[in-house]
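# Coordinates in review
As a plain string of letters, each chain reads:
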Amino acid sequence: MTGRALVIGGSLGGLIAAHLLRSIGWDALVFERNDEELASRGVGLGTHPQLIGVLQRAGIAFDESMGIAPTRAVCLDGDGRIIVERPMTRTLSGWSRLYRALLDALPAGGCRLGKRLVHVDQDAAGATGHFADGTSERGDLLVGADGIRSTVRAQFLPDVEPRYAGYVAWRASLDEADVPADLWRELADLYAFCLPKGEQLVSYVVPGRDNDTAVGRRAYNIVWYRPVDRDTLTDICTDAKGRHHAAGIPPPLIRPDVIARIKADARALIAPQVAEIFARTAPFFQPIYDLASPRIVFGRVILAGDAAFVARPHAGAGTTKAALDAACLADSIREARGDLDRGLERYQRTQLPFGRALVEFNRAEGAYLSAQLKPEAERTAEELHRDAGAVLNAHVDRSDQIGAMVTAHGLDIHVHSP
Ligand SMILES: Cc1cc2nc3c(=O)[nH]c(=O)nc-3n(C[C@H](O)[C@H](O)[C@H](O)COP(=O)(O)OP(=O)(O)OC[C@H]3O[C@@H](n4cnc5c(N)ncnc54)[C@H](O)[C@@H]3O)c2cc1C
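All values derive from a computational prediction rather than experimental measurement.

### A closer look at the nonpolar core
Note that soluble globular proteins tend to have their nonpolar side chains buried in a common cluster. Among the nonpolar cores identified, the biggest contains 80 residues, and Ile16, Leu21 and Leu142 are the most heavily contacted of them. When residues in this core are grouped by element, the largest group, eight residues, is from helix 9 (residues 318–335). Once you skip the residues sitting within four places of it in the chain, Ile16 turns out to touch Leu51, Val54, Leu55, Leu102, Ala323 and Ala326. Leu76, Leu201, Ala266 and Ile277 belong to the second largest nonpolar core, which has 38 residues in total.

### Observations regarding the packing of helix 10 (residues 340–365) against helix 14 (residues 398–408)
Where helix 10 meets helix 14, the axes come as close as 10 Å, and the angle between the chain directions of the two elements is 150°. The way helix 10 lies across helix 14 gives a crossing that is right-handed. Contacts between helix 10 and helix 14 involve Phe354, Ala357, Leu358, Phe361 and Glu365 from the first element and Arg398, Gln401, Ile402, Met405 and Val406 from the second. Residues that form the contact of helix 10 with helix 14 fall into these classes: seven nonpolar, one polar and two charged.

### As for the sheet that holds strand 14 (residues 200–206)
Spatially, eight strands are ordered 5-4-13-14-15-12-16-19 in an open sheet, and the strand pairing comes out mixed. The open sheet has two edge strands with one neighbour each: strand 5 (82–87) and strand 19 (309–310).

### So, the domain arrangement of the protein
Per the domain assignment, the segments of the protein are domain 1 (4–63 + 93–161 + 293–408) and domain 2 (163–288). One C-alpha centre belongs to domain 1, the other to domain 2, and the line joining them spans 25 Å. Taken together, the 27 residues of domain 1 in the interface contact 26 residues of domain 2. For the pair domain 1 and domain 2, the summed buried area comes to about 2100 Å², and 58% of that belongs to carbon and sulfur atoms. On the domain 1 side of the contact with domain 2, Leu369, Leu373 and Arg386 bury the most area, a combined 25% of that side's loss.

### With respect to the sheet that holds strand 9 (residues 126–131)
Spatially, the three strands line up as an open sheet ordered 8-9-10, and their pairing is antiparallel. Pairing within the sheet leaves two strands with one partner each, and these edge strands are strand 8 (117–123) and strand 10 (136–139). Averaged over all adjacent pairs, the angle separating strand axes in this sheet is 20°, with direction ignored. In this structure, strand 8 lies alongside strand 9, joined through six bridges in antiparallel fashion. Looking at strand 9, one finds that Gln122 is bridged to Ala127.

### Re the site of the ligand
What surrounds the ligand is a group of 31 residues, the closest being Ser11, Glu32, Gly46, Asp306 and Thr319. Contact between the ligand and Ser11: an oxygen atom at 2.7 Å from a side-chain N or O atom of the residue. One of the backbone N or O atoms of Gly316 is found 3.0 Å from a nitrogen atom in the ligand. When isolated, the ligand has an accessible area of 1000 Å², and the protein chains bury 89% of it. Of all the secondary structure elements, the ones that give two or more residues to the shell around the ligand are helix 1 (12–23), strand 3 (44–46), strand 12 (163–175) and helix 9. Take the shell around the ligand: its biggest share by element is three residues, from helix 9. Class assignment for the residues of the shell around the ligand results in ten nonpolar, 13 polar and eight charged. Among the domains, domain 1 (4–63 + 93–161 + 293–408) and domain 2 (163–288) are the pair contributing at least three residues each to the shell around the ligand.

Analysis parameters
Counting restarts for each chain, with residues numbered from 1 along the sequence as it is written. This being a predicted model, a pLDDT of at least 70 is required before a residue's local features are given, and a value of 80 or more before pairs of side-chain atoms are given or counted; all residues contribute to the totals for chains, interfaces and linings. The side-chain numbers reported here are obtained from all heavy atoms of the structure, hydrogens and water having been left aside. Take the buried Ala, Val, Leu, Ile, Met, Phe, Trp, Tyr and Cys residues and link them wherever side-chain atoms come within 4.5 Å; each set so joined is a nonpolar core. Throughout this description, buried means an accessible area under 20% of the type-specific maximum (1.4 Å probe, protein chains only), exposed means over 50%, and partly exposed covers the range between. Secondary structure elements follow DSSP: runs of H or I of four or more residues count as helices, runs of E of two or more count as strands, with numbering from the N terminus. Contact between two residues is taken to exist if any of their heavy atoms lie within 4.5 Å; hydrogens are not considered. Here the axes come from fitting lines to C-alpha atoms, over the contacting stretch only for helices, and the angles between their N-to-C directions go from 0 to 180 degrees. Rotating anticlockwise by less than a right angle from the far helix to the near helix defines a left-handed crossing, while the corresponding clockwise rotation defines a right-handed one. Only Asp, Glu, Lys and Arg are considered charged, only Ala, Val, Leu, Ile, Met, Phe, Trp, Tyr, Cys and Pro nonpolar, and every remaining residue, Gly among them, polar. If DSSP finds at least two bridges between two strands, the strands pair. Here the bounds of each domain stem from an automatic or database domain assignment. Two parts placed together each lose some accessible area under a 1.4 Å probe, and the buried area is that loss summed for both. When at least one non-hydrogen atom of a residue lies within 4 Å of a molecule or strand, that residue is treated as near it. Contacts described as polar in this section are N or O atom pairs within 3.5 Å, which, within protein, must combine one atom able to donate a hydrogen with one able to accept it, while residues neighboring in sequence count only if both atoms come from side chains. The Shrake-Rupley method, run with a 1.4 Å probe, gives the accessible areas here. Residue values count only the displayed protein chains as cover.

Here's what the structure looks like:
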């Protein structure tokens, strides 16, 4: 069977879904609420072999220009000395590097901007998406790839909401040209952790502006997890005019006093090499959430990517999971040979337990950070003490861990075009 799919959300999850549906002969159109392309989200993105495989299947060649591969994972102490070290191979890319490649490879008109979905109607044969501009589109299938605050999920699962994990990720990046040369030389080949008590920071080199991986044009990327209680979260999500941004404060609105405080904390708590770079950035933060949907198929409407499950970012597998959702959806539809409802059932049967497992896996990885808000007397031994070697080992083995999860859930994705 071939059909018409409406994909809501034009970020990585939606674009990959559109490509893979097109690869099985469907007409897949993407509808994105923003009226400009999203290419400016300049942050690093960890990859896994499964993501690279799905991208290749979508026709995106993942060569060395797509990412940067450090060869050593290290933990730096507060004085900047290496206290633990492990060999590692992992390719770090950039969100916008993947976005650009996926968007450019869609046919003209394949991604429609300025289209905010407000409501979905459906019957046994298909679904109709209604948009804020008053237009409607009909498809055999509607894919909700509209992220953590999904409009599609809110309609079909109104009680399912993201749960705050008790900590935020401060994120920062600096162009290679702005990093002092001696620091760049020291850090460039490292996947570098700093583990102040109760916190976790990881930093590494990523493609720079214009997605460049050439020497001199790369960027340094920092992700710093910090426990933040609800009152403090409310405070730091409040802008200088006193307006509270419950769904996340846009980076330019973070108050100068909040930025000054995080930079002072960086000087006091993290390795001086990394603090020096952090001081030169314009950092922003994202609260960390867990979200698990009890269902992801509702007749001819389905959820994928972060709309369905949000795993904490420790395994760096959110985009990999969105790619696996897309691959499973395309495979399930193709293998159902014309029985779309049967294909969608298979999609749910496979991706529901996989999504749950990924959320649980990452929840366990972040348990130490979440526990910091509890009184010390109530914390377990693991919540009180953390071993730097174990943290490094977990990250060095990421691809094996995600690979094992994929195998355990029978996610036999076809890497190349079926
Ligand atoms: C700190 C942090 C670090 C991370 N690091 C990594 C990493 O290293 N590796 C990795 O793989 N993942 C990482 N992730 C996760 C990753 O960003 C996502 O899991 C992944 O990109 C999948 O996103 P998505 O396309 O499903 O949703 P999103 O990227 O949230 O996109 C949803 C899209 O839908 C649009 N939209 C929303 N509502 C509507 C509507 N009503 N109508 C039309 N459009 C709408 C939005 O504008 C947006 O473009 C990280 C996340 C965080 C928070």
